[in-house]
Amino acid sequence: MNAASYVIPLPPQASLPVVGESGRYPVRRIWCVGRNYLEHIREMGNDERAPPFFFAKHADMLVPDGATIPYPPLTKDLHHEVELIVAMKSGGLNIPADKALDHVYGYAVGIDLTRRDLQIASRKKERPWEIGKSFDGSAPCSAIQPASKIGHPAKGKIWLTVNGKEAQKGDLTELIWNVPEIIWQLSQQVKLAAGDIIMTGTPAGVSQLQPGDKLECGVDGVGALKVSIGQPE
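Only a predicted model underlies this, so the values are computations on that prediction, with no experimental measurement involved.

**Focus: the side chain of Ser142**
Part 1 of the reasoning: Within the secondary structure, Ser142 is located in the loop between β11 (139–140) and β12 (145–146).
Part 2 of the reasoning: For Ser142, a relative accessible area of 2% gives the class buried.
Part 3 of the reasoning: When residues no more than four places from it in sequence are discounted, the contact partners of Ser142 are Leu16, Ala108, Val109, Ala224 and Leu225.

Right, dumping it as structure tokens:
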């Protein structure tokens, strides 16, 4: 169908730049893994033995490197969560873990911005986390590094600083569920496809953000990301 086939203008296609490529990676869906680093589970007071679970953000919530993100509405407790991002080039249902990396296009660095007060309030009422996790500007993401160039990182420092001060630090070896296992688990829930990206969890050290804060984060061998928190709109 062309644009004239629709009764309102087509929304723009969410996409990410790719290192070394002129073309961009089109983003279909954003999946996030909850509680995948042991020390973060402990700092949040949650069950260390729980299996992985997933929640989603909308693709148009992506924010590019270098952006200023308005402080979001309804919250007084905005938190940062740095994460390794996996970008899929294909997919399916029930992907075996030993075949999962065949479906990966590349990797990036992202931040799962979280309205922690709203997330906790929803959890206490046994309601979905969407209001705490899925909001405009909640998914900053770096350019994608193709796996054909960097391989499939299974170790390396993951870190985040706020105004130059270290806040989060961990290593990909500390992932409770590694990338192939995440893809295997998620593909039992939904049919994955090209354009899906997966945020794989955050290490300990999450903390509150204020307007004016400058964030820098990265994953060794993958890339880095810088964003700032602006004033509320």
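**A few points about the nonpolar core**
Part 1 of the reasoning: Counting 62 residues, the largest nonpolar core has Val27, Leu62, Ile183, Ile197 and Ile198 as the members making the most contacts within it.
Part 2 of the reasoning: Here this core takes six residues from strand β8 (residues 82–88), the largest share from any one element.
Part 3 of the reasoning: Contact partners of Leu62, with chain neighbours within four places excluded, come to Ala14, Leu16, Val27, Ile30, Ala139, Cys141 and Ile197.

**Structural notes on the layout of surface pockets**
Part 1 of the reasoning: Space inside the largest pocket adds up to approximately 200 Å³.
Part 2 of the reasoning: In terms of lining residues, the largest pocket is bounded by Pro70, Tyr71, Pro72, Pro73, Phe135, Asp136, Pro232 and Glu233.
Part 3 of the reasoning: For the lining of the largest pocket, the class distribution of residues is six nonpolar, no polar and two charged.

**Quick word on a nonpolar patch on the surface**
Part 1 of the reasoning: On the surface, a cluster of nonpolar side chains totalling about 380 Å² of accessible area is made up of Met1, Tyr6 and Leu10.
Part 2 of the reasoning: Structurally, Met1 can be placed in the segment before β1 (15–17).
Part 3 of the reasoning: Using a relative accessible area of 81% as the deciding quantity, one classes Met1 as exposed.

Here is what the cut-offs are and how they apply
- Residues numbered from 1 in each chain as written.
- Predicted model: local features only at pLDDT ≥ 70, side-chain atom pairs only at ≥ 80, totals over all residues.
- Heavy atoms only, no water.
- Helix = DSSP H or I, 4+ residues; strand = E, 2+ residues; numbered from the N terminus.
- Buried < 20%, exposed > 50% of the residue type's maximum accessible area, 1.4 Å probe, protein only.
- Contact = heavy atoms within 4.5 Å.
- Core = buried A, V, L, I, M, F, W, Y, C linked by side-chain atoms within 4.5 Å.
- 1 Å grid on protein atoms, 1.4 Å probe; cavity = no way out; pocket = protein on both sides within 12 Å on 5 of 7 lines; lining within 4 Å.
- Points joined across faces, edges and corners; volume = space filled by probe spheres on them.
- Nonpolar A, V, L, I, M, F, W, Y, C, P; charged D, E, K, R; others polar.
- Patch = residues over 30% accessible without salt bridge, like charges linked within 9 Å, V, L, I, M, F, W, Y side chains within 5 Å.
- Areas by Shrake-Rupley, 256 points an atom, 1.4 Å probe, with all protein chains shown as cover.
- Salt bridge = Lys/Arg side-chain N within 4 Å of Asp/Glu carboxyl O.

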